[in-house]
Number of protein chains: 2
Amino acid sequence: MPTDIEIARAATLQPITAIAERIGIPEDALHSYGRHIAKIDHAHIRALEARPEGRLVLVTAISPTPAGEGKTTTTVGLGDALNRIGRRTVICLREPSLGPCFGMKGGAAGGGRAQVVPMEAINLHFTGDFHAITAAHSLAAALIDNHLYWGNALDIDSRRIAWRRVVDMNDRALRGITQSLGGVANGYPREDGFDITVASEVMAVFCLARDLADLEERLGRIVVAETRARAPVTLADLKATGAMTVLLKDALQPNLVQTLEGSPALIHGGPFANIAHGCNSVIATRAGLRLGDYAVTEAGFGADLGAEKFFDIKCRQAGLSPSAVVIVATVRALKMHGGVEKKALGTENVAALEAGFANLARHVENVRRFGAPVVVAVNHFHADTEAEHAALKALCADRLDVEAITCRHWAEGAAGAEALARAVAALADGTPRRTPRFAYPEEAPLADKIRTIARTLYGAADIQVESKAAAKLAQFEANGHRHLPVCMAKTQYSFSTDPSLIGAPSGHVVAVRDVRLSAGAGFVVAICGEIMTMPGLPKVPAAEGIHLDADGRIEGLF
Amino acid sequence: MPTDIEIARAATLQPITAIAERIGIPEDALHSYGRHIAKIDHAHIRALEARPEGRLVLVTAISPTPAGEGKTTTTVGLGDALNRIGRRTVICLREPSLGPCFGMKGGAAGGGRAQVVPMEAINLHFTGDFHAITAAHSLAAALIDNHLYWGNALDIDSRRIAWRRVVDMNDRALRGITQSLGGVANGYPREDGFDITVASEVMAVFCLARDLADLEERLGRIVVAETRARAPVTLADLKATGAMTVLLKDALQPNLVQTLEGSPALIHGGPFANIAHGCNSVIATRAGLRLGDYAVTEAGFGADLGAEKFFDIKCRQAGLSPSAVVIVATVRALKMHGGVEKKALGTENVAALEAGFANLARHVENVRRFGAPVVVAVNHFHADTEAEHAALKALCADRLDVEAITCRHWAEGAAGAEALARAVAALADGTPRRTPRFAYPEEAPLADKIRTIARTLYGAADIQVESKAAAKLAQFEANGHRHLPVCMAKTQYSFSTDPSLIGAPSGHVVAVRDVRLSAGAGFVVAICGEIMTMPGLPKVPAAEGIHLDADGRIEGLF
């Protein structure tokens, strides 16, 4: 099997105008970025709202393991397969972050024969959306310190500034800084730090906004600091939102690319899946639903985090009603959940698979609580055995009454996911479109929302809110934010807050260490355990091997 | 007269493919960014090298004053006028920096009827070149601290790291920081700081590189730190250059746009004019010379800094031979050099003009030393009087034997600069193409190069090199950098290092406070006086007034 980059290079891409034409987008609604990437004009996106809505399919996964699950690959493969069986389908994905490419993560554009292309462009600067978000965030940061410098008319308490800075790079040295050093001309020294751009609230706002006006309103609600009297200070108070919106104007237009098999893909926005909701933009998803009879999208991490936030935050805010949910699992990963070491994954082990099945089972049950029908996609890896796949299918049928379908899109492209596509189409077509059953009602107190998620979806006995966090929750509620959904920030590797508790742990206690208000995005973040918002680089960063070859082609990026 | 933005909006832009076609660039050599902006493919740029070279015209200016001179406006107007009189001309300009747009500077795309368009895009993210430079610079910064974190195999002295960080924003709070705070996981605390992106050596390298291979080589020569044994550490030592080149690959392709009158303009790169050389990219200038019979370009600040660096650094490195130099002056600015206050500029004052003429005179004499013929463009402002223009013309003719031509391109477009265009074409056509007479030979000691510039061009009695700077010069020479040109970093407002000494001061002493090695760019920076590499925002930043209007158009940016 050739590598991802070899496959991508060997592909003949269609002009993006041809891809657009097939889903009814005229050339004058496109802002092209070369021949294979285009943004869809705001005016065209607005006009789409009048069209009928297609059916929304969410792709989520079991709790991730070092074995890999292939969620993005499956999203792409499923979209290709739906198109292959004659269902007009648009794929909606997140944009990859630049920083991790230079560490060890590799690209984020699918893999094998289920990729979005041109992959180098998508993984690097793409259409500059993340740079625009970084610039808008940086402008807000500069305006805050400039306000302090010129007399601090709003009486901001410089010890209570919540707006950190961002850069789209893995740079641990910037996690904690003191700034404004060097004397009078440089302002009032204070502590600060940088997160990676995808952790910016601007990113979360960008991905939840309906349009430019909603974007500007949401930016204005972002609370960046408190006054010395403990009143919130927003970006509207700092008169930052007009200029930030100008910086984000072009970026907010969704990006159209294609898969290796010529399916249209909207790749737009990419918020963190821990301190934010981890889904592509609402604008792209809503557009995809109107451009296709089906829109296939994915959510970050496993279903406990990704699908829950997709329903309780994104669908609730954006009025979306998924018609089917695909949960991606692999034999390898379930064996790891059953206790097998990574190096032993090459050996058939049905017993371990059966033990690890508990992880998948809980995710299936959880997703069903939201009222959406479920199908399991078993992403085939070459060392898997027939017996293992047969055992997994039987477990799914017998214990969960859910269909499990083996997929080979990585090796075979759309043809390898045809069975999955037929099952998904049947499920989606057979499901009336209705508002999901959310995990908790809007009006519940914030702590109750966290507790409900922990008990119902994580199998926890209870939550334990640290006193500082409890005081902040009370303050948020007093300030009128009780109605907000919560955004759980916990490890993706376990239903608990301990990443080593794989499988399907029960009876644990979820410690809520801290909470944060994301008033612009419209949620309260519950931080359970250590959450990293600025990754570091490994000892030998991928950057050392990335270069242009003699023909000017990029090597070492993936 | 309508505002710049009103004029720009009223214009009907041609498709960029049509602009390209007129200078012989086929559509498949373009990477479009929407309908009115395109990058020209590396392969096409390479192929151009075989074509005959047109004539190069430099636009420079007197020492800037608060009255404004209109150098970019004149560059655009001259280019338009040359095309109007039938001379195929390409305009080569610098890209504007994002940060200053939110302060008080306004845009940098010309003005009145002499503008490059689409001005909003050019002034904001444009094609993302500066974002790519920021990302490449940030990657290098992250790799340095990552190297320290993982054992410091190169034995870098963390107190002697010269590589600061950059952001494309006016943010005084980042000028001085301590970083890597917060414990073991965040690295070894040290002092650091941020400059604005245009001050990055990556930007200078970008603008002096011949092609991608030269770019990567130059990046590799950049000295970012010293070891504890005081040996230089380069970006090649850190294995950073391959990934940085990948990040810069697309950006290095020059950007093609048009003027209001449809002239082709290459807008590419934009290094600081103090700690760097202040000219657009060598790649764009060399391409412009082969795409047009004439290429008109500009250099930052007044001729003492901009033209000197253009000749001694850019022309020397890139093998360019200017055929004519335009020095832009205004009656208003010369009256200020003659001692008139800004608020009194509306009153006719021939005596002050005659006093201030000394500034223009010295710039004309200086430029002639480089062996290029000179013409003076007197950029007309509405309060100027006939008597003032007549007096200035007479002074130029009688005392300098140079033609001074009144230009009205701001109000009238190309028609207003026709006389200038005819004079420039005649001068350029009549001048055999030859290597400039540089201000100093390569082989002179570094301090002698600085002294020669100060004495010959600035009218100084001598230089005074502070002991720390002298020691560094000795070290640079010992490390093999004696042959490098020097890049003077001093105030642009005076021939001296005192910005209040306007006109044409003589006999002053130029204090060289510090020197810096830019080994990748290929020059040694001589810092004379306080040089700001990170601007701040004013009390009421322009950002507060920037917003989208009800039709989604940008307001308040200019």
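Procedures and definitions
Residues numbered from 1 in each chain as written. Chains lettered and ligands numbered in written order. Predicted model: local features only at pLDDT ≥ 70, side-chain atom pairs only at ≥ 80, totals over all residues. Heavy atoms only, no water. Buried < 20%, exposed > 50% of the residue type's maximum accessible area, 1.4 Å probe, protein only. Helix = DSSP H or I, 4+ residues; strand = E, 2+ residues; numbered from the N terminus. Least-squares fit on C-alpha atoms with pLDDT ≥ 70 in both. Contact = heavy atoms within 4.5 Å. Phe/Tyr/Trp six-rings, centres within 6.5 Å; stacked < 30°, edge-to-face > 60°. Lys NZ or Arg CZ within 6 Å of the ring centre and 35° of its normal. Domains from an automatic or database assignment. Buried area = accessible area lost by both parts, 1.4 Å probe. Salt bridge = Lys/Arg side-chain N within 4 Å of Asp/Glu carboxyl O. Polar contact = N/O pair within 3.5 Å; in protein donor to acceptor, adjacent residues only side chain to side chain. Nonpolar A, V, L, I, M, F, W, Y, C, P; charged D, E, K, R; others polar. Pairing = 2+ DSSP bridges. Axes fitted to C-alpha atoms, helices over the stretch in contact; angles between N-to-C directions. Core = buried A, V, L, I, M, F, W, Y, C linked by side-chain atoms within 4.5 Å. Parallel < 35°, antiparallel > 145°, perpendicular 65-115°, else oblique. Left-handed = near helix turned anticlockwise from the far one by under 90°.

J.: How should helix 10 (residues 282-291) of chain B be read in this particular structure?
T.: Within helix 10 of chain B, 10 of the 10 residues are buried, leaving the element largely enclosed by the surrounding structure. For helix 10 of chain B, every residue scored as buried is listed here: Val 282, Ile 283, Ala 284, Thr 285, Arg 286, Ala 287, Gly 288, Leu 289, Arg 290 and Leu 291 of chain B.

J.: Any chance you could explain the relation of the copies chain B and chain A here in plain terms?
T.: There are two copies of the chain, and a rotation about an axis plus a shift along that axis relates them. Rotating chain B by 180 degrees and translating it 0.0 Å along the rotation axis places it on chain A, where the RMSD comes to 0.0 Å. Taken together, these values place the two copies in the relation of a two-fold axis. Closest approach to the rotation axis within chain B is made by the C-alpha atom of Tyr 33 of chain B, at a distance of 2.3 Å. Both copies contact each other with a shared surface, as 100% of the interface residues of chain B are interface residues in chain A too.

J.: Looking at this structure, I do not really get the packing of aromatic side chains. What am I missing?
T.: In this description, a pair of aromatic rings is defined by centroid distance and the angle of the planes. The tally for this structure, following the rule as stated, stands at eight aromatic pairs over all chains. Ring centres of Phe 310 of chain A and Phe 311 of chain A lie 5.8 Å apart, and the angle between their planes is 80 degrees; this geometry places the pair in the edge-to-face category. For Phe 311 of chain A, a relative accessible area of 0% translates into the label buried. The interplanar angle of 5 degrees and the centroid separation of 4.4 Å between the aromatic rings of Phe 311 of chain B and Phe 370 of chain B together place this pair among those described as stacked. Taken together, the positions of Phe 311 of chain B in helix 11 (residues 306-318) and Phe 370 of chain B in the loop between helix 13 (350-369) and strand 18 (374-379) put the pair 59 residues apart, joining distant regions of the chain. Chaining the aromatic ring pairs together yields one cluster made of Phe 310, Phe 311 and Phe 370 of chain A. Directly above the aromatic system of Phe 495 of chain A lies the positively charged group of Arg 362 of chain A, at a separation of 4.7 Å from the ring centroid.

J.: Looking at this structure, I do not really get the domain arrangement of chain A. What am I missing?
T.: Size of an interface: often given as the accessible area lost when the parts come together. All names here are of chain A. As far as domains go, chain A holds domain 1 (4-127 + 251-429), domain 2 (130-235) and domain 3 (446-528). Measuring from the centre of the C-alpha atoms in domain 2 to the corresponding centre in domain 3 gives 24 Å. Contact residues are listed per partner, giving 11 residues for domain 2 and eight residues for domain 3. On the domain 2 side of the interface with domain 3, the three residues burying the most area are Glu 201, Arg 221 and Val 223, jointly 45% of the side's total. Across the contact surface, domain 2 and domain 3 share zero salt bridges. Along the contact surface separating domain 2 from domain 3 lie six residue pairs in polar contact (both at pLDDT 80 or more).

J.: Sorry, what's going on with the interface of chain B and chain A here?
T.: Each partner contributes residues to the interface: chain B has 61 residues there, and chain A has 61 residues. Carbon and sulfur atoms supply 65% of the area that chain B and chain A bury against each other, a total of about 5,200 Å² over both sides. It is Arg 172, Val 246 and Leu 548 of chain B in chain B that bury the most area against chain A; as a group they hold 11% of the surface buried on that side. Applying the counting rule to chain B against chain A returns two salt bridges. Between Asp 171 of chain B and Arg 165 of chain A there is a salt bridge, with its nearest N and O atoms 2.8 Å apart. Along the contact surface separating chain B from chain A lie 28 residue pairs in polar contact (both at pLDDT 80 or more). Those elements that provide at least two residues to the side of chain B that touches chain A are strand 1 (30-32), helix 6 (129-149), strand 8 (165-167), strand 9 (177-179), helix 9 (241-248) and strand 25 (547-548) of chain B. Element by element, the count of residues in the side of chain B that touches chain A is highest for helix 6 of chain B, at 10 residues. Looking at the side of chain B that touches chain A, its residues break down into 31 nonpolar, 18 polar and 12 charged.

J.: Sorry, what's going on with the environment of Gly 151 of chain A here?
T.: Positionally, Gly 151 of chain A belongs in the loop between helix 6 (129-149) and strand 7 (156-161). Considered as a pair, Gly 151 of chain A and Phe 357 of chain A are 206 residues apart in the sequence and their alpha carbons are 61 Å apart.

J.: I'm lost on the sheet that holds strand 24 (residues 523-527) of chain A in this one. Help?
T.: By way of backbone hydrogen bonds, the strands of a sheet pair with one another, either parallel or antiparallel. Residue and element names in this part refer to chain A. One open sheet holds the three strands; their spatial order is 21-24-23, and the pairing between them is mixed. Of all the strands in the sheet, the pair left with one neighbour each is strand 21 (486-489) and strand 23 (514-518). The sheet shows a mean angle of 25 degrees between the axes of neighbouring strands, taken without regard to direction. With four bridges connecting them, strand 21 and strand 24 associate as parallel partners. Within strand 24, the position partnered with Met 488 by the bridge is Ala 526. Sitting on the sheet, helix 11 (residues 306-318) is in contact with strand 21 and strand 24, with an inclination near 160 degrees to strand 21.

J.: Please explain the side chain of Asp 312 of chain B as it appears in this structure.
T.: Note on placement: Asp 312 of chain B falls in helix 11. Those residues in contact with Asp 312 of chain B, other than ones at most four positions away along the chain, are Phe 370, Phe 438, Ala 439, Tyr 440 and Pro 485 of chain B.

J.: Is there a simple way to explain the nonpolar core in this structure?
T.: Generally speaking, a soluble globular protein has its nonpolar side chains buried in company with each other. Counting residues in each nonpolar core, the largest one holds 316 residues, and the members touching the most others are Phe 102, Trp 163 and Leu 360 of chain A together with Phe 102, Trp 163 and Leu 360 of chain B. In contact with Leu 360 of chain B, other than residues within four places in its own chain, are Ile 62, Ile 327, Ala 329, Leu 334, Val 376, Leu 392 and Cys 396 of chain B. Residues Met 119 of chain A together with Ile 5, Ala 109 and Phe 126 of chain B belong to the second largest nonpolar core, which totals 34 residues.

J.: Help me understand the packing of helix 13 of chain B against helix 14 (residues 386-400) of chain B, please; the structure alone is not making it clear to me.
T.: Packed helices, taken two at a time, are described by the angle their axes make and the gap between the axes. Residue and element names in this part refer to chain B. Where helix 13 contacts helix 14, the axes come no closer than 10 Å and their chain directions differ by 40 degrees. Between helix 13 and helix 14, the angle is such that the two are oblique. In the crossing of helix 13 with helix 14, the sense of the turn from one axis to the other is right-handed. For the pair helix 13 and helix 14, the contacting residues are Val 350, Leu 353, Glu 354, Phe 357, Leu 360, Ala 361, Val 364, Glu 365 and Arg 368 in the first and Ala 387, Glu 388, Ala 391, Leu 392, Leu 395, Cys 396, Arg 399 and Leu 400 in the second. For the contact of helix 13 with helix 14, the residue count by class is 12 nonpolar, no polar and five charged.

J.: Explain the pattern of salt bridges to me, please; I cannot follow it from the model alone.
T.: A side chain with one charge may pair with a side chain of the opposite charge, provided their charged atoms come close. All names here are of chain A. Enumeration according to the criterion identifies 63 salt bridges over all chains in this entry. Taking the shortest distance from any N to any O, the salt bridge between Asp 448 and Arg 451 comes out at 3.0 Å. Of the two residues, Asp 448 and Arg 451 both sit in helix 17 (residues 446-457), three residues apart, roughly one turn of that helix. For Asp 448, a relative accessible area of 32% puts it in the partly exposed group. Judged by relative accessible area, Arg 451 falls into the partly exposed class, the value being 24%.

J.: Just checking my understanding: could you explain the sheet that holds strand 23 (residues 514-518) of chain B for this structure?
T.: Residues and elements named next belong to chain B. Strand order in the open sheet formed by three strands is 21-24-23, and the pairing between neighbours is mixed. Each of the sheet's edge strands pairs with one partner strand only, and the pair in question is strand 21 (486-489) and strand 23. Strand-to-strand twist of the sheet, defined as the mean angle between neighbouring strand axes without regard to direction, takes the value 25 degrees. Sheet strands touched by helix 11: strand 21 and strand 24 (523-527). Its angle to strand 21, the strand with the most contacts, is close to 160 degrees. Lying over the sheet, helix 18 (residues 467-478) contacts strand 23 and strand 24, oriented at roughly 25 degrees with respect to strand 23.

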